[in-house]
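Each chain, written out:
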Number of protein chains: 2
Amino acid sequence: MNPILIPLIGGSVGVPIIACLFWWIKRESAGTTRMKEIASYIKEGAHAYLKREVVTISYVIIPFAIGLFFILGWEIAFGFFLGALFSIIAIITGMSGAVIANVRTTNAALTSPGRALILAFRGGSIMGFSVVSLILLGICSLYILFGVGPSNPEAVHTLVGFGLGASLSAMFAQIGGGIYTKAADIGADLVGKTEVGMVEDDPRNPAVIADLVGDNVGDCAGRGSDLFESSADNLVCIMIIGLTFLDNYGWNAVMFPLYIRGIGKIATIIGVFSVRKWGKRGPLTSLNIGLLSALFSNLILFYVLSLWLMKDIRIFYCLSVGILSLFVGTLIVQYYTGIDRSPVKKIAKGSQTGTPIGILTGFSFGLESAMFSMLLIGGVIILGYQIMDGGLLGIFGLAMATLGMTEMKGMMQSIDTYGPISDNAAGIAEMSGLSKEARKSLDTLDAAGNVTKAITKGYGLTKSVLSSIVILFAYIFVLIKYLGITMNDISDIALYLNLANPHIIVSLLIGASIPFLFSALLLRATSRAASKMVDEVRRQFKEISGLLRGDEKPDYSRCIDISTKNSLKEMIFPILVGLVAPVIIGFTLGVWPLAAFQIGLTIMGALLAVFMFNSGGAWDNSKKYIEDGHYGGKGSTAHKAAVVTDTVGDPMKDTVGPSLHILIKLSNIFSITLLPVFLLVN
Amino acid sequence: MNPILIPLIGGSVGVPIIACLFWWIKRESAGTTRMKEIASYIKEGAHAYLKREVVTISYVIIPFAIGLFFILGWEIAFGFFLGALFSIIAIITGMSGAVIANVRTTNAALTSPGRALILAFRGGSIMGFSVVSLILLGICSLYILFGVGPSNPEAVHTLVGFGLGASLSAMFAQIGGGIYTKAADIGADLVGKTEVGMVEDDPRNPAVIADLVGDNVGDCAGRGSDLFESSADNLVCIMIIGLTFLDNYGWNAVMFPLYIRGIGKIATIIGVFSVRKWGKRGPLTSLNIGLLSALFSNLILFYVLSLWLMKDIRIFYCLSVGILSLFVGTLIVQYYTGIDRSPVKKIAKGSQTGTPIGILTGFSFGLESAMFSMLLIGGVIILGYQIMDGGLLGIFGLAMATLGMTEMKGMMQSIDTYGPISDNAAGIAEMSGLSKEARKSLDTLDAAGNVTKAITKGYGLTKSVLSSIVILFAYIFVLIKYLGITMNDISDIALYLNLANPHIIVSLLIGASIPFLFSALLLRATSRAASKMVDEVRRQFKEISGLLRGDEKPDYSRCIDISTKNSLKEMIFPILVGLVAPVIIGFTLGVWPLAAFQIGLTIMGALLAVFMFNSGGAWDNSKKYIEDGHYGGKGSTAHKAAVVTDTVGDPMKDTVGPSLHILIKLSNIFSITLLPVFLLVN
């Protein structure tokens, strides 16, 4: 039997599971006519956006693929196309699950919070399974198509096109979705809540439907594409790195990540279906049981597969370090953004003296948290490296640590998508004027969601940075192969990556400054789109006379249209930065400085991303903390200040932060792909 | 004649010039009794603060010196003590000039704006000359005392203590002064301006005197100590680097920077005294003439000295690259913070939709500007390196570029101190209820000040980063000497600074995260101190019944006391971070990873600093732009939003940004000093 069949089967298993989940969710009632109506608005808006996004993406992807075909051959071009296509299919599938689960979650909340939780979570797990499965199906198909195998090991390199396709598609989905959702959110908040004094999700607010659509196209589809990308890149790059260790582990050095992913699907299935009503326990306990089941199943699989396939217990240690670092990461995010922790309380306290101190305090905690996340990441790198006793094999150890970490992605994606689904469910409840009972039950889900967000964010960050480091080493390994350098130890390439060389220092410096430019462009793009939304919402309140009294309906579709158009328009320039910067460095400074550029970009991008995530998260919760009745509660000076700080944090945490994750990977994987071209010039 | 006499004479020349400047300024009238009264409040407050600061510093400096004595010998300990002492004397002298020039500037403005300009500028040049002279006097004295010379070249290394003393003292002065000034400023603005609706410098505002004292202890003394530090560090480190090039240039390799500084004093004198009333031209023209005179005099000196002493025209090119980069740096800062440029206007426009968009837009332009500053710095590094045809000598070229740049420091410091003096002058005018005529004339000075601030900020940043890179290479050169490694080319140490080594990557990563922690602590320290000031000002408005009507006087001294106490208390923890972090890395990861740590810290610190400077500067000017009557002018929604964004930017640009400059140098120079200790353990 061809060993590739194992991961191929692992990937295929996802398809019937997804079908079952759809069937299971659709069976549930979608509630009253009003609820169905609102849900259909959201669904239509989300699908309409995704359709236009796909059209926009295809204008780029297709010429790009043709270019790759002529420059690098059909394998890279086809892999690229498949990567982009599968990424799109994965997020469309996942989002379709989310937009049918949202209203059913609302309806279930009327009778049982436990049932609502399971609906939201299973809705989210459609995204989880579609991401996990399509990556495996895609890479295994290419493996077979390109004739990869022990007799043709070099063909592994051509898989890199799949990663690039996934990355580019993710960049579009995340940036577009991120701008969309925040333009709508800021528009709805600044005018509806701050100026007019409405509550969240008031049906009279013209931007409210756009806001709910935003949850789906930004938080759900965007995040799904991010995970698709980082898992695909991670897998391909670990396989490339594996090529260097054929002497140590035979062909399993290349196949191991595929086996882990294929068989690891079992752990995801166990985890997802462990989330159920556990007696009278709350939703958080249910989610925790799911997480822990997935974790322990994974640890067992890691142990068995490491000893059985690799005959090296150290591989198990590395994988475990990766998966366990997840918990430390969660603790950091929970501390800095948790509603009951000191940072959030201090921000709320600072808001009493007005907006500036609130901003500065949140800003400060975000900066501080970035340092601790970096220490964690540094720890994982050093541990992975040292467990294999350093040297060249240490790099393999490091790659294994990231493989272990990425193995939780099915679970993480499910939990992540649970967030926007329960947000949507709460919005639908508010707009349909449902009973307090239902809302209370949705509040419980929301409270659980705050914790899960911390978990998935901590995870997302650590995973992105470590994936980038792995891509970097894949880049180095590919480079020395092209240059014909024999590498027995990492010291063999010291000459090319000498940190005392001013060219290397400058490349590092330029790399580090790219995330600043990228974030700047993205913040302005979001601000511009949000300003247009603010103008439109103000206009509607002014011109539609019966709107405030509730006699007339707002023009929802106009707001949806503004978010859609502007997000698609505004995403182009930031994406260009991610693509053009490595090309310029590769052609001007050369291929080794390009590696230094990537390191600078990765470190800086990561630091900025944590800062943006955690400042934004902490501001969000400090507002909620005040709304819970502290420091004067709703309507107080502190609350007014907190609403402003929360709005500042919104695009930071939901647009820029996640997009930075993609930037660092896209830039890295693009560099590997173009390596042969750079070498022609250098 | 001993060649050290040349720079020693150059340094000594400053003393009579300073005396003349004092005499010249004191001759001028200080105006009405009311003006003198206010000026004396400011003077007393400033001196009282500096006195307490010196006491606080001495608690640290003296035990530190004793520790250095036992661990590293008397030379380092004595040099350290002298560095700290001279730095303190320089800023006390400079600030004494500022606090007598302020009120005389106000008075001169009554009759002639041109005369007011010259007073403010010459007041500032006392700081300029005292910094420039005391550095030379200190280093030359140590040179003689330690018996440095061609027969004892290694003694140059002991000069490093002087740099460390200057750095530590600067850290205290800048952080303490920075917290002081922003606590007072935010307190005065948030309550007096935003809540009560007073104008700037209203005498009824209890925090107004503290605010004016803050201009002196923060902007004037803090910035002076920064420049003292970076010039001292730069000088010592270039001399250390020079040791490696004795074969190329003889003993002049070490002496050249001293000659340049000593003889370069002529250019500073020419520059300073070219600033005078040039017919009917405005103040900006006068300042520009001064700058250009200094620039051209320097270029001529560079040309002569390079050919005469070094017999290498390339040295002249490197020096010129350094001094000319100043202009590009200025253009960047002017573009991003200029009141008539697109970024500031866009921020003002964004403020129309409320605070969040104003914050996000300013945030965005600050981030973007950081990228361009890095490109400039990268360009200087590459040029300096390539002009000497790369390799080891390229490092010398890079050092020469920074030497050229630092040569403008006398002029730059004079212009920099001109800022707080004219701010003070305007405050005194407002508080004494002077005629509109005088205020208009001070407004002209202020407008010129906005441009000069851009120049000195652009300068400060480029200089700090490049100085840090030079310190880094000094560190590497000292390290290989201790380790007994012969270095013929930078590739000889590639093995130790291999960027593919995970230990190096992790050190870089940790180094890059330190500025985040440092900024976080400092922002919170400032916020805490500002909150206390806000409470006190609110209390006075509430409890002193006739205050608002102007019947009763506020308790100025209470506010001064709050700023003083809290700034001295709050500065301890951030300073500890700067000192402890390199020690931990040096002892745990080792001396080579420590070099990577420094690079990470330098790059990241620089990026954060530019971002903070320029965001803060742009917010400040966007407020002024609105106050000039755009987007509704004073009192409009846009203006209210702009006042908030300006307050957010204040501690960023005036506390954290400048302190980051010192952090990167302090951490670097501290590492060199402790190198022998680290090597005992490693």
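Residues numbered from 1 in each chain as written. Chains lettered and ligands numbered in written order. Predicted model: local features only at pLDDT ≥ 70, side-chain atom pairs only at ≥ 80, totals over all residues. Heavy atoms only, no water.

Q: For this particular structure, what's the right way to read the relation of the copies chain A and chain B?
A: Applying a rotation about an axis and a shift along it to one chain copy brings it onto the other copy. With an axial shift of 0.0 Å and an RMSD of 0.0 Å, the rotation relating chain A to chain B amounts to 180°. Such a combination of turn and shift is consistent with a two-fold rotation axis. In this assembly the copies share their binding face: 100% of the residues contributing to the interface of chain A also contribute to that of chain B. (Least-squares fit on C-alpha atoms with pLDDT ≥ 70 in both. Contact = heavy atoms within 4.5 Å.)

Q: So what exactly am I meant to see when it comes to the pattern of salt bridges here?
A: Close approach of charged atoms lets side chains of opposite charge pair. For the structure on display, the rule yields 58 salt bridges over all chains. When the shortest N-O distance is used, the salt bridge between A:Lys623 and A:Asp646 registers 2.8 Å. Taken together, the residues span a long stretch of sequence, with A:Lys623 in helix α19 (residues 591-627) and A:Asp646 in helix α20 (residues 637-681) at a distance of 23 residues. Relative accessible area serves as the criterion here: at 3%, A:Asp646 is assigned to the buried category. Here B:Arg314 ties to B:Asp389 by a salt bridge, and the two come within 3.1 Å at their closest N and O atoms. (Salt bridge = Lys/Arg side-chain N within 4 Å of Asp/Glu carboxyl O. Helix = DSSP H or I, 4+ residues; strand = E, 2+ residues; numbered from the N terminus. Buried < 20%, exposed > 50% of the residue type's maximum accessible area, 1.4 Å probe, protein only.)

Q: Any chance you could explain the interface of chain A and chain B here in plain terms?
A: How big an interface is tends to be expressed through the accessible area that disappears when the partners come together. Contacts between the two partners involve 77 residues from chain A, matched on the other side by 77 residues from chain B. Summing both partners gives a buried area of about 6,600 Å² for chain A against chain B, and 83% of it is carried by carbon and sulfur. For the chain A face of the interface with chain B, the top three residues by lost area are A:Leu499, A:Leu509 and A:Phe516, together amounting to 10%. At the junction of chain A and chain B, the tally comes to 2 salt bridges. Residues B:Glu368 and A:Arg524 are paired through a salt bridge, measuring 2.5 Å at the closest nitrogen-oxygen approach. Between the two partners, chain A and chain B, sit 12 residue pairs in polar contact (both at pLDDT 80 or more). Elements with a minimum of two residues in the side of chain A that touches chain B: α5 (160-195), α12 (355-387), α13 (391-406), α15 (436-483), α16 (502-543), α19 and α20 of chain A. (Buried area = accessible area lost by both parts, 1.4 Å probe. Polar contact = N/O pair within 3.5 Å; in protein donor to acceptor, adjacent residues only side chain to side chain.)

Q: What exactly am I supposed to notice about the UniProt feature "site: Determinant of potassium independence" (unreviewed entry) in chain A here?
A: Residue and element names in this part refer to chain A. Under the UniProt annotation, "site: Determinant of potassium independence" (unreviewed entry) lies at Lys453. With respect to the element layout, Lys453 can be found in helix α15. Given a relative accessible area of 27%, Lys453 falls into the partly exposed group. (UniProt positions renumbered as here; feature names shortened; annotations may be inferred.)

Q: Could you clarify how one ought to interpret the side chain of B:Thr268 in this entry?
A: Secondary-structure assignment places B:Thr268 in helix α8 (residues 252-274). Ignoring sequence-local partners within four residues, the contact set of B:Thr268 consists of B:Phe129, B:Gly410 and B:Met411.

Q: Can you walk me through unusual backbone geometry in this structure?
A: Leaving glycine aside, a negative phi is the common case for residues, and trans is the common case for peptide bonds. Positive phi, normally seen in glycine, also occurs at A:Tyr631, with a value near 50°. Looking at A:Tyr631, the relative accessible area reads 30%, which means it is partly exposed. With a phi angle near 60°, B:Asp389 is a residue other than glycine that sits in the positive phi range. Inspection of the secondary structure puts B:Asp389 in the loop between α12 (355-387) and α13 (391-406). Accessibility expressed as a relative area gives 61% for B:Asp389, which makes it exposed.

Q: Teacher, can you tell me more about the packing of helix α6 (residues 208-242) of chain A against α20(A) here?
A: Axes are the key here: two packed helices are described by the angle between their axes and the distance separating the axes. Residues and elements named next belong to chain A. In the contact formed by α6 and α20, the axes pass within 11 Å of each other and the chain directions differ by 30°. The angle between the axes of α6 and α20 places the two elements in the roughly parallel class. Two packed elements cross with a definite hand, and for α6 against α20 that hand is left-handed. Across from Asp219, Arg223, Asp226, Glu229, Ser230, Asp233 and Cys237 in α6, the residues of α20 making contact are Asp654, Pro658, His661, Ile662, Lys665, Leu666, Ile669 and Ile672. Tallied by class, residues from the contact of α6 with α20 come to 6 nonpolar, 2 polar and 7 charged. (Axes fitted to C-alpha atoms, helices over the stretch in contact; angles between N-to-C directions. Parallel < 35°, antiparallel > 145°, perpendicular 65-115°, else oblique. Left-handed = near helix turned anticlockwise from the far one by under 90°. Nonpolar A, V, L, I, M, F, W, Y, C, P; charged D, E, K, R; others polar.)

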